[in-house]
Amino acid sequence: MPFDWIIEYWDILLGGALRTIALTLLAIAVATPVSVLLGWALVSGPGWGRAAINAYVELFRNTPYMIHLFFIFFALPRFGIGLDPFGAAIASLCLMVAAFGTKIVESGLRATPRGQHEAAASLGMTAGQAFRHVTLVPALARVWPALCSLATMALLDSAVVSLIAVEDLTWVTTFIETRNFRSFETFFFSSLVFLAISYALRRSLLAFGDRVLSRGMRA
Amino acid sequence: MISYTNPEIIAALLLATRYTLVLFFVGAIGGGVLALLLLVMGLSKSRLLQRLLGAYVAFFQGTPLLMQLYLLFFGIAYLGVRLPTWAAAAIALIAWSAAFLSEIWRGCVAAVPRGQWEASSSLAMGYLEQMRYVILPQALTLAVGPTVGFLVDIMKATAVTAIIGYVELFQAGNAIANTTFQPFKVYGMVAVIYFLLCWPVSLAARRIEARYTVPR
């Protein structure tokens with residue numbers, strides 16, 4: 001039977017899939033608030049701050065993710081910043097996702113019509129209320145589909161962390177493949193698992209945005 | 001440990017960059033041609049073709065490029081077809097970029113307002129005439145920016161092919177970093193070269209998008 005190895009290895013397959021999911025969710029959870037902060041700073045921060053953030057964003061958006069990963073894992077220990085594989089994977093994923101997220105949030109914030117701020121002021125909203133209800137939540141709702149695509153990108157790019165021996169779904173797949181010698185079936189099966197994860201991730205994030213962000217806009 | 005002078009390292013990296021560029025052009029041009037075929041497929045009325053196209057795009061956009069490379073390089077070899085590394089890298093990159101490009105372009109065709117179709121058919125234009133004179137000129141204007149932007153993604157994606165052993169910039173940098181024990185310097189140089197390849201393209205994409213975006 002071409003697929004009976006799945007039963008034999010189901011526990012490490014599950015472990016690998018869970019590690020991949022954990023890696024992606026952690027990266028999103030850390031990178032999203034950072035993106036909001038940096039995106040907001042790009043719109044209304046001081047000039048030197050904008051320059052620094054833009055330099056970071058351009059650097060990370062215009063180099064392959066693998067180089068971030070290898071740089072953090074292999075080069076930084078020279079400077080006393082030694083991370084274990086999982087830590088290096090998380091750190092590099094967060095840096096990459098936040099760089100893209102910052103630009104997305106910035107474009108959402110910039111799309112706020114001017115009149116909205118004036119309307120908020122005329123309703124007597126405090127600065128905090130106006131920021132939350134008029135600036136932030138509508139901006140996030142506007143760019144939510146783009147942020148969901150970014151989450152998928154984080155999931156798919158995370159596959160290369162298997163190279164520094166993070167035991168994620170890809171690592172587990174190559175491990176099994178060296179034992180069952182069924183290259184095609186093994187890689188095909190794991191591709192389908194990735195497909196299922198990316199579909200579920202996208203669906204649940206879109207639903208989350210629908211619930212939370214549109215309710216935030218109505219309230 | 002082997003030591004090289006800095007000019008030697010840079011020269012070796014630049015020589016390897018040629019292979020990154022070759023793969024980039026193969027991926028971009030081949031991907032573009034395949035994406036056009038997929039686009040035409042998607043515009044047809046056949047349900048079966050639509051289904052197949054949907055499955056194709058879902059697979060290549062929903063699985064890691066690394067898995068696709070493994071599947072093509074190791075998986076297909078196991079089924080009896082042994083592809084050379086460069087061929088596996090090229091095919092995977094073409095198939096991957098075609099999925100994304102066809103989606104980008106499909107979106108651009110769909111973004112042309114319905115009224116344009118109705119107006120042109122009221123002028124008694126046939127399907128091909130509508131496409132040629134009304135829809136495609138407008139869709140192309142929309143498509144230029146995102147397409148150029150996606151070229152950056154193709155350039156970055158070429159690095160993943162290093163994993164199956166295609167020797168390009170990343171693979172060469174990795175080998176040099178491992179033999180010289182100077183990861184900081186070598187990976188730094190590799191990053192700078194990638195940046196110099198990608199940044200101008202990013203800037204061009206942004207400029208094109210700014211020019212074609214109609215302020216609302």
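Now for a look at the structure at hand. Being a predicted model, the structure only gives us computed values, none of them experimental. Per chain, residues are indexed from 1 in the order of the written sequence. Throughout, the order in which chains and ligands are written sets their labels, letters from A for the former and numbers from 1 for the latter. Predicted model: local features are reported for residues with pLDDT of at least 70 only, side-chain atom pairs are reported and counted for 80 or more only, and whole-chain, interface and lining totals are derived from all residues. Hydrogens are left out, water is left out, and the side-chain values use all remaining heavy atoms of the structure.

Helix and strand counts for chain A stand at nine helices and zero strands. Reading chain A from its N terminus to its C terminus gives the helix and strand order α-α-α-α-α-α-α-α-α. Overall, the C-alpha framework of chain A stretches about 70 × 45 × 20 Å when taken along its three principal axes. Buried residues in chain A amount to 47% of all 219 residues. Across chain A, contacts joining residues at least 24 apart in sequence account for 78% of those joining residues at least 6 apart. Here the Shrake-Rupley method, with its probe set to 1.4 Å, supplies the accessible areas, and only the displayed protein chains count as covering residues. Summed over all atoms, the accessible surface of chain A reaches about 10500 Å², with 68% contributed by carbon and sulfur. Across chain A, the centroid of the 16 positively charged side chains sits 15 Å from that of the 13 negatively charged ones. Helix and strand definitions follow DSSP, with helices as H or I runs of at least four residues and strands as E runs of at least two, each counted in order from the N terminus. Classification of residues uses two cut-offs on accessible area relative to the type maximum, computed with a 1.4 Å probe and protein chains only: under 20% is buried, over 50% is exposed, and between them is partly exposed. Any pair of residues with heavy atoms lying within 4.5 Å of one another is described as a contacting pair. Under the counting rule used here, the positive set is Lys and Arg, the negative set is Asp and Glu, and His together with the chain ends is not counted. Positions of charges follow a simple convention, taking NZ of Lys, CZ of Arg, CG of Asp or CD of Glu.

Listed as interface residues are 37 residues of chain A and, on the opposing side, 36 residues of chain B. Reported buried area values correspond to the accessible surface (1.4 Å probe) lost by two parts on association, with both partners' losses combined. Overall, the association of chain A and chain B removes approximately 3200 Å² of surface from exposure, summing both partners, and the carbon and sulfur fraction of that is 77%. One speaks of a salt bridge when a side-chain nitrogen belonging to Lys or Arg is within 4 Å of a carboxyl oxygen belonging to Asp or Glu. Taken together, chain A and chain B are joined by one salt bridge. Here R206(B) and E58(A) are joined by a salt bridge, their closest N and O atoms 3.0 Å apart. Pairs of N or O atoms within 3.5 Å make up the polar contacts considered here, provided that, within protein, one atom can donate a hydrogen while the other can accept it, and that residues adjacent in sequence are counted only when both atoms are side-chain atoms. At the surface where chain A touches chain B, the tally comes to seven residue pairs in polar contact (both at pLDDT 80 or more). By residue number, the principal contributor to the side of chain A that touches chain B is helix 9 (residues 183–218) of chain A, which donates ten residues. A per-class count over the side of chain A that touches chain B returns 20 nonpolar, eleven polar and six charged. When residues are sorted by character, Ala, Val, Leu, Ile, Met, Phe, Trp, Tyr, Cys and Pro go into the nonpolar class, Asp, Glu, Lys and Arg into the charged class, and all the rest, Gly among them, into the polar class.

Turning our eyes to something else, we now look at the side chain of T158(B). All names here are of chain B. Tracing the chain through its elements places T158 in the loop between helix 6 (127–157) and helix 7 (169–180). Classification of T158 as buried rests on a relative accessible area of 0%. A distance of 2.6 Å separates a polar atom in the side chain of T158 from the backbone oxygen of M155.

Let us now look at the side chain of D168(A). All names here are of chain A. Its location among the elements puts D168 in the loop between helix 7 (127–157) and helix 8 (169–180). For the buried D168, no salt bridge is present, and the opposite-charge side chain at shortest range is R19, 7.7 Å distant. Separated by 3.0 Å, the side chain of D168 and the backbone nitrogen of W171 make a polar contact.

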